Amino acid sequence: MKPMGTITKYYPFIDEETKSILNSLMDESSSYYDFVQRLSEVVLENEVPVNLAYLAAVQAWWCRTHETIEQIHEKYKDVPCIRPWKYTHAMTGINQAQYHDAIVESIEKATETPLDDWIVTELHLLHAYFHYPYLGDIPSLIEPIEKAKQLTKANPLLKCFEPLIYALEGWAKNMEGDVKDSLVVLLRGQKLAEEYDDSLYKYVNLVNLGAVYLYLNVQEALAQAENLYELAQDLEVPYFIGEILNDSAIVFETAGEYDLAISSHQEVMKTIGESDFTSQILSRIYATLGDGQRALDEINQYVDKTGISDLPLWLLRRARALALLNRVEKAERDLDTIHGQILKTGSEYYFANYYHVSGLIEIARGDYLSALAILEKCWELTEGIPRVLDQNYVLLDLAKVELLLTSQSIDSTKSTTPGKWLSKLEKHASDRDLPGIRMQAALLKSEFYQNHGQLKDAQATLLDALDITDSLGVATLRKRIKERIHDLNQLIKEAEVSAD
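Here the residue numbers are simple positions, counted from 1 along each chain's written sequence. Under the rules for a predicted model, residues below a pLDDT of 70 receive no local features and side-chain atom pairs below 80 are neither given nor counted, while totals for whole chains, interfaces and linings still include all residues. Derived side-chain values reflect all non-hydrogen atoms in the structure, with water molecules and hydrogen atoms excluded from consideration.

**Q** Even after reading the chapter, I still don't get the overall build of the protein, so can you show me in this structure?
**A** Numbering of helices and strands starts at the N terminus; helices are DSSP runs of H or I of at least 4 residues and strands are runs of E of at least 2. Within the protein, the regular secondary structure consists of 25 helices and zero strands. What the globule rule says is 2.2 Å times the number of residues to the power 0.38, and the radius of gyration is computed from C-alpha atoms. For a compact globule of 500 residues, the expected C-alpha radius of gyration is about 23 Å, and the protein comes in at 26 Å, within 12% of that figure. Expressed as lengths along the three principal axes of its C-alpha atoms, the size of the protein is roughly 95 × 45 × 40 Å. Note on classification: 1.4 Å probe, protein chains only; a residue is buried when its accessible area is under 20% of the maximum for its type, exposed when over 50%, partly exposed between these limits. Considering the protein as a whole, with its 500 residues, one finds that 56% of them fall into the buried category. Taking the intrachain contacts of the protein between residues at least 6 apart in sequence as the baseline, contacts between residues at least 24 apart amount to 64%. Surface exposure of the protein reaches about 21500 Å², of which carbon and sulfur atoms provide 48%. The charge count includes Lys and Arg as positive and Asp and Glu as negative, but it does not include His or the ends of the chains. Every charge is mapped onto a representative atom, which is NZ of Lys, CZ of Arg, CG of Asp or CD of Glu. Once the 48 positive and 77 negative side-chain charges of the protein are each reduced to a mean point, those two points are 4 Å apart. Any two residues whose heavy atoms approach within 4.5 Å are treated as being in contact. Every accessible area reported is derived by Shrake-Rupley at a probe size of 1.4 Å, with residue values counting cover from the shown protein chains alone.

**Q** Quick question: what am I supposed to make of helix α3 (residues 32–45) here?
**A** Think of an α-helix as 3.6 residues a turn; residues three or four steps apart then line up on the same face. Here α3 spans 20 Å end to end across 14 residues, near enough to the 20 Å set by a 1.5 Å rise per residue. For α3, the full list of buried residues reads Tyr32, Tyr33, Asp34, Phe35, Val36, Leu39, Ser40, Val42 and Val43. Here, expected helix span is obtained from the residue count minus one, scaled by 1.5 Å.

**Q** Would you mind showing me how to read the packing of helix α2 (residues 16–28) against α3 here?
**A** Relative orientation and spacing of two packed helices are given, respectively, by the angle between their axes and the distance between those axes. One can describe the packing of α2 onto α3 by two numbers: an axis separation of 9 Å at closest approach and a directional angle of 135°. On the basis of the axis angle, α2 is oblique to α3. Here the hand of the crossing between α2 and α3 comes out right-handed. Two secondary-structure elements touch here, α2 through Ile21, Leu22, Leu25, Met26 and Glu28 and α3 through Asp34, Phe35, Arg38, Leu39 and Val42. In this classification, the charged set is Asp, Glu, Lys and Arg, the nonpolar set is Ala, Val, Leu, Ile, Met, Phe, Trp, Tyr, Cys and Pro, and all remaining amino acids, among them Gly, are polar. Per-class residue counts for the contact of α2 with α3 are seven nonpolar, no polar and three charged. Note on definitions: angles span 0 to 180 degrees between N-to-C directions of axes, and those axes are lines fitted to C-alpha atoms, for helices only across the stretch in contact. Note on angle classes: values under 35 degrees are labelled roughly parallel, values over 145 roughly antiparallel, values of 65 to 115 roughly perpendicular, and the remainder oblique. Note: crossing handedness is left-handed where the near helix turns anticlockwise from the far helix by less than a right angle, and right-handed where it turns clockwise.

**Q** Honestly, unusual backbone geometry in this entry has me stumped. Any pointers?
**A** Excluding glycine, residues mostly have negative phi values, and the peptide bonds linking residues are mostly trans. Despite not being glycine, Asn326 shows a phi value in the positive range, around 65°. Assignment of secondary structure puts Asn326 in the loop between α17 (312–324) and α18 (328–345). Overall, Asn326 belongs to the exposed group, its relative accessible area being 53%. A positive phi angle, close to 60°, is found at Asp433, a residue other than glycine. Among the secondary structure elements, Asp433 is positioned in the loop between α22 (420–431) and α23 (435–451).

Below you can see the structure in the form of structure tokens.
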């Protein structure tokens, strides 16, 4: 491969022997991932300058080559600046929370020893990765970024790390709800990474951009995922390919294209193996489709394999599945288990999920008025979190409970129109260009009309829904719609025969 800024940005700081080895390895390598593997072999099989061993540890960390990371750490465990790179970072908040204290301690010990500023800068940026993304602890992300920024301001040579600073700063703004400013910062980081020919930092900025576009425009997020997939394939890092497949799956899920979301997650498992993240997302998808048993199976399989059973998000997913299966007591026990943890975090994201599951439990009990009140409280929180995916499933359940309430007191002699929440769901799906969600709204609307004896309106609603899209992502929804149309056709014929 040709020399790339991802590696050559270190040249102002390192010795000539290290440069020479890096140049030779880049000449021999077919891709960035191939280079990282070759570099790792060199530092593991030979006595090399500490700078080279450090760079191998850093690049192995980015590629998430777990076995190699362990081997490098074992050989260079007495080198303080290498120790922090032992802790791998995955696509979820689990690793951040699990390793946070160990990372902070190892970085503090490393910086107590004499270190060049470029290494200190990079260690601060590593620290920023291990914050608490779902616990509302924004300062644990911002503080190390600010330390890195101070160093780059003092030394112009360190500006090569600015694209990563922008990537992390943009993500922090996104977490704070400042989506538009986040977009500006990340675009700046992407541009600067391109100027430095740093494909790795470009990738990081683009990944975070994809998450921001998901808040703003789902179709734009999908286009961004396609571009990222090409970059990940060029770099040939399996973890990156798996990460983009995962992100693409979330875009599909947000659009209501559940079949493509599921198949994308299955590709993730083929690429990088099953992860905690994949299990809980598949559980969420099946729950949104109303399949409580498959939603529960996904969580239970993960717990059986790992023995991890007390994570708040996983217990929320399990409680949701249990509520769909009418196993109310077990669902309540899961909520009781995590109630204190959620109060401690103060996270609106967790509170919204907690209220959502609580509402589903009330539905299972048959107390639809209580369910509506709780889900409306959930919506107040969810509406303020610019996450379309969460808004989707809360609005879907609000429309469902509204439908259940109206079905209890139907006057079939009167033509009526759908209620507030179904109308809000329809507008949300249309404004956001979410084809699968539009189809789900049509299924609910058809059921509403059918409950009121308006069979032809129910039929027309579903026939129109089939024209929304024929994407493979909505195969399951199209099947449901066709089955309902078939049933309605039979009911209409029976009604016509009775009228005769």
